[in-house]
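Observations on the three-dimensional arrangement
Now for the letters of each chain:
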Amino acid sequence: MPAKNDDMLVAKESFVTSEGLSYIKNVTRVRASDPAAKKFKDLFQPLDVSYPTLEAATAAPGEKRGTRRSSPVRRAAAKVRNAVKAAPT
């Protein structure tokens, strides 16, 4: 569930104040103490803060990671090693 940051608000609707300040729906973010947020309370809502779940970059102790696919460079190096081993001495 996203966390709520009660100090930050986001505009629910786009509008322009009499002073000429533009507030864009779902884009403009203001602090709760902002004069426009106080004056137009019904046009702002608390900002939802959420972060995507990230996959761990390293294996935990005892955990096995998937095997890596061989890169073209590794395959070429393996061919050279095998050719050297098979070459007559």
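Attention here is on the structure that accompanies the text.

Things to note about the nonpolar core
- The biggest cluster of nonpolar side chains holds nine residues, and these are Leu9, Ala11, Phe15, Tyr23, Val30, Ala36, Ala37, Leu43 and Phe44.
- Setting aside its immediate chain neighbours within four residues, Leu43 contacts Val10, Ala11, Lys12, Glu13 and Phe15.

A few points about the packing of aromatic side chains
- Overall, the coordinates contain four aromatic pairs when judged by the stated rule.
- A ring pair is formed by Phe15 and Tyr23, whose centres lie 4.8 Å apart and whose planes are at 10 degrees; its orientation type is stacked.
- Using a relative accessible area of 14% as the deciding quantity, one classes Phe15 as buried.
- Of the residues examined, Tyr23 reaches a relative accessible area of 6% and is grouped as buried.

Side note on the pattern of salt bridges
- Evaluation of the coordinates by the stated rule reveals one salt bridge.
- Ionic pairing is found between Asp7 and Arg31, a salt bridge with its closest N-O pair at 2.6 Å. Placement of Asp7 in strand β1 (residues 3–11) and of Arg31 in strand β4 (residues 29–31) is noted, with a sequence separation of 24 residues between them.
- By relative accessible area, Arg31 is classed as partly exposed at 48%.

Let's talk about unusual backbone geometry
- The phi dihedral of Asn26 is positive, around 60 degrees, even though this residue is not glycine.
- Inspection of the secondary structure puts Asn26 in the loop between β3 (22–23) and β4.

Quick look at the side chain of Thr17
- Along the chain, the position of Thr17 falls in the loop between β2 (15–16) and β3.
- Ignoring sequence-local partners within four residues, the contact set of Thr17 consists of Tyr23 and Phe40.

Definitions and cut-offs
- Residues numbered from 1 in each chain as written.
- Predicted model: local features only at pLDDT ≥ 70, side-chain atom pairs only at ≥ 80, totals over all residues.
- Heavy atoms only, no water.
- Core = buried A, V, L, I, M, F, W, Y, C linked by side-chain atoms within 4.5 Å.
- Buried < 20%, exposed > 50% of the residue type's maximum accessible area, 1.4 Å probe, protein only.
- Contact = heavy atoms within 4.5 Å.
- Phe/Tyr/Trp six-rings, centres within 6.5 Å; stacked < 30°, edge-to-face > 60°.
- Salt bridge = Lys/Arg side-chain N within 4 Å of Asp/Glu carboxyl O.
- Helix = DSSP H or I, 4+ residues; strand = E, 2+ residues; numbered from the N terminus.

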